[in-house]
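# Structure at a glance
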Amino acid sequence: MKISEIQPIVLTSKEKGAATWASSMILVKLVTSNGEIGYGEAVPTLRIISVYNAIKQVSKSYVGKEVEDVEKNYHEWYKQDFYLGRSFESATSVSAIDIASWDILGKELGAPIYKLLGGKVRDKVPVYANGWYKDCVTPLDFAERAKEVMGRGYKAVKFDPFGEYFNWIDEMGLRESEERVKAVREALGEDAGILIEHHGRFNSKSSQLVAKRLEKYNPLFMEEPVHHEDVEGLKEYRERTNVRVALGERLVSLKEAYFYISQGLVDVLQPDITNIGGVTIAKKVVDIAEARDLEIAFHNAFGPIQNAVSIQVSATVNNLLMLENFYDWFPQWKRDLIGNVTPVEEGHVRVLEKPGIGVEVNEKLVDELKAEPEALDVKEEPVWVVGGTWKRYLK
Ligand SMILES: O=C(O)[C@H](O)[C@@H](O)[C@H](O)[C@H](O)CO
Ligand SMILES: [Mg+2]
């Protein structure tokens, strides 16, 4: 069936999420000539306006094409764009449209996406919690909140314990982050998964110091320990530390992912289906990672459509570690948007059996929350941290 229309829709509400970037969402609605509707989602962060506009541009390549030709359509845009491998905006646009295309493909065939990808290897996808530590500053704040999270049945938590340190870290910063991690480990016990998020904020020397201080708390992995583009720094980090490295949320193509996999720069790969190239490219990345015995933990930090498609794909991934999950810390409207059909139960999410990505979008709510794309304010606390954590507690 031919694609007749692609619409980017910005949703926002006064109710904020655990982080500024989580307070808006970019939905992509795809309509075919027989009136079938599919949904995708693109990455918001500080680029709402540019992503919104990029979707309009990428749509010019997709409208009029057969929606089922996901492979061909992706590669047509790859050929046309020239900058796709270097443009996050282009990558997230083509990814969102690809997800919406798979949603329609599933609906046409009456099958959830997992069935079109080789079937599921699990009925419930294990998830870890992120977004749970809003306003946590002291070690006690983190420990108490982490205990509440585990009380809900989660088996693993991710958090960024580095407060306002950026690029480099001094003794006080090392002590602060160590105390926070130590408090969480002591509160949760030895079996809990502790995932340390660095948000790519450090130079290599500083993140090596961090690794030496934190490895005794047995983190499951260290995420983005160095600045994203600092490949040399990452190599040095790999040579000089013994911790497991996770990364992948900023990868925008198959070949970029292949580089990190083939160079042995990562242990746990975190592709994001909303910017790696949709379902079409995510599946290839996962297969290459499996060949190198890497584990997969899809990055999943934005909205309920990303979450729904990530659950579908995760169901099929043999080498899955866990799926990231913000669901319990979404603003309520994000859960309402899909009728709250993907709750987390005992640290798992059930794989949905409905066709496509498995969820129905509440169109009435979409109309209510629809907004013009607007530039976000830039404040002292960067948008990529969980709100209220860009602080020190030692003076
Ligand atoms: O691993 C993660 O979930 C991410 O690093 C988030 O914490 C980011 O802040 C967000 O994706 C901003 O783009
Ligand atoms: Mg991250």
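Residues numbered from 1 in each chain as written. Chains lettered and ligands numbered in written order. Predicted model: local features only at pLDDT ≥ 70, side-chain atom pairs only at ≥ 80, totals over all residues. Heavy atoms only, no water.

Turning to the site of ligand 1, a few remarks are in order. What surrounds ligand 1 is a group of 14 residues, the closest being Lys158, His199, Glu249, Glu324 and Trp384. Lysine 158 is positioned such that a nitrogen or oxygen atom in its side chain is 2.7 Å from an oxygen atom of ligand 1. Between histidine 199 and ligand 1, the recorded distance is 2.8 Å, taken from a side-chain N or O atom to an oxygen atom. For ligand 1, the protein covers 94% of the area, taking 340 Å² as the surface of the free molecule. More than half of the atoms belonging to ligand 1 lie within 2 Å of the grid points that define the largest pocket. Looking at side-chain class alone, the shell around ligand 1 contains five nonpolar, four polar and five charged residues. (Near = heavy atom within 4 Å. Polar contact = N/O pair within 3.5 Å; in protein donor to acceptor, adjacent residues only side chain to side chain. Areas by Shrake-Rupley, 256 points an atom, 1.4 Å probe, with all protein chains shown as cover. 1 Å grid on protein atoms, 1.4 Å probe; cavity = no way out; pocket = protein on both sides within 12 Å on 5 of 7 lines; lining within 4 Å. Sits in = over half its atoms within 2 Å of the grid points. Nonpolar A, V, L, I, M, F, W, Y, C, P; charged D, E, K, R; others polar.)

This part covers empty space enclosed by the protein. If you walk through the whole model with that rule in mind, you get one cavity of 30 Å³ or more. When its volume is computed, the largest cavity comes out at roughly 80 Å³. Forming the walls of the largest cavity are Glu224, Pro225, Val226, His227, His228, Asp230, Val231, Leu234, Leu247 and Tyr260. Looking at the lining of the largest cavity, its residues break down into six nonpolar, two polar and two charged. (Points joined across faces, edges and corners; volume = space filled by probe spheres on them.)

So, on to the UniProt feature "domain: Mandelate racemase/muconate lactonizing enzyme C-terminal" (unreviewed entry) in the protein. The feature "domain: Mandelate racemase/muconate lactonizing enzyme C-terminal" (unreviewed entry), as annotated in UniProt, sits at residues 139-244 in this numbering. With 49% helix and 11% strand, the stretch residues 139-244 has end C-alpha atoms that lie 24 Å from each other. (UniProt positions renumbered as here; feature names shortened; annotations may be inferred. Helix = DSSP H or I, 4+ residues; strand = E, 2+ residues; numbered from the N terminus.)

Under the 1.5 Å per step criterion, the end-to-end length of helix H6 (residues 171-188) is 26 Å for 18 residues, consistent within 8% with the ideal 26 Å. Residues of H6 that are buried include every one of Gly173, Leu174, Glu176, Ser177, Glu178, Arg180, Val181, Ala183, Val184, Arg185 and Leu188, and no others. In this structure, the buried residues of H6 make contact with helix H5 (139-151), strand S5 (156-159), strand S6 (193-197) and helix H7 (204-214). One or two steps after H6, the chain reaches glycine 189, where phi turns positive at roughly 85°. (Expected span 1.5 Å × (residues − 1). Buried < 20%, exposed > 50% of the residue type's maximum accessible area, 1.4 Å probe, protein only. Contact = heavy atoms within 4.5 Å.)

Moving on, we come to the nonpolar core. Counting residues in each nonpolar core, the largest one holds 120 residues, and the members touching the most others are Trp132, Phe159 and Phe298. Per-domain counts for this core show at least three residues from each of domain 1 (3-111) and domain 2 (114-357). Core analysis: the next-biggest nonpolar cluster, separate from the first, contains nine residues, Leu195, Phe221, Val268 and Ala297 among them. (Core = buried A, V, L, I, M, F, W, Y, C linked by side-chain atoms within 4.5 Å. Domains from an automatic or database assignment.)

Looking now at the pattern of salt bridges. What the rule picks out here adds up to 27 salt bridges. Residues lysine 120 and glutamate 353 are paired through a salt bridge, measuring 2.7 Å at the closest nitrogen-oxygen approach. Placement of lysine 120 in the loop between helix H4 (113-116) and strand S4 (124-129) and of glutamate 353 in the loop between strand S12 (348-350) and helix H13 (363-369) is noted, with a sequence separation of 233 residues between them. In this structure lysine 120 comes out as partly exposed when scored by relative accessible area, which is 29%. In this structure glutamate 353 comes out as partly exposed when scored by relative accessible area, which is 42%. Of the charged contacts, one joins arginine 213 and glutamate 178 as a salt bridge, the two residues approaching to 2.9 Å between their closest N and O atoms. Of this pair, arginine 213 sits in helix H7 while glutamate 178 sits in helix H6, placing them 35 residues apart in sequence. Take glutamate 178: its relative accessible area is 12%, and that puts it in the buried class. One connected set of salt bridges, linked through shared partners, spans Lys158, Glu197, Glu223 and Glu324. (Salt bridge = Lys/Arg side-chain N within 4 Å of Asp/Glu carboxyl O.)

Let us now look at the pairing of strand S3 (residues 37-42). Within S3, five of the six residues are buried, which leaves it mostly tucked inside the rest of the structure. Examined bridge by bridge, strand S2 (residues 24-32) and S3 share six bridges and lie antiparallel to one another. Paired with leucine 30 across the two strands is glycine 38, which belongs to S3. A loop of four residues connects S2 with S3, the two strands running antiparallel in sequence, and glycine 35 in this loop sits at a positive phi of about 85°. (Pairing = 2+ DSSP bridges.)

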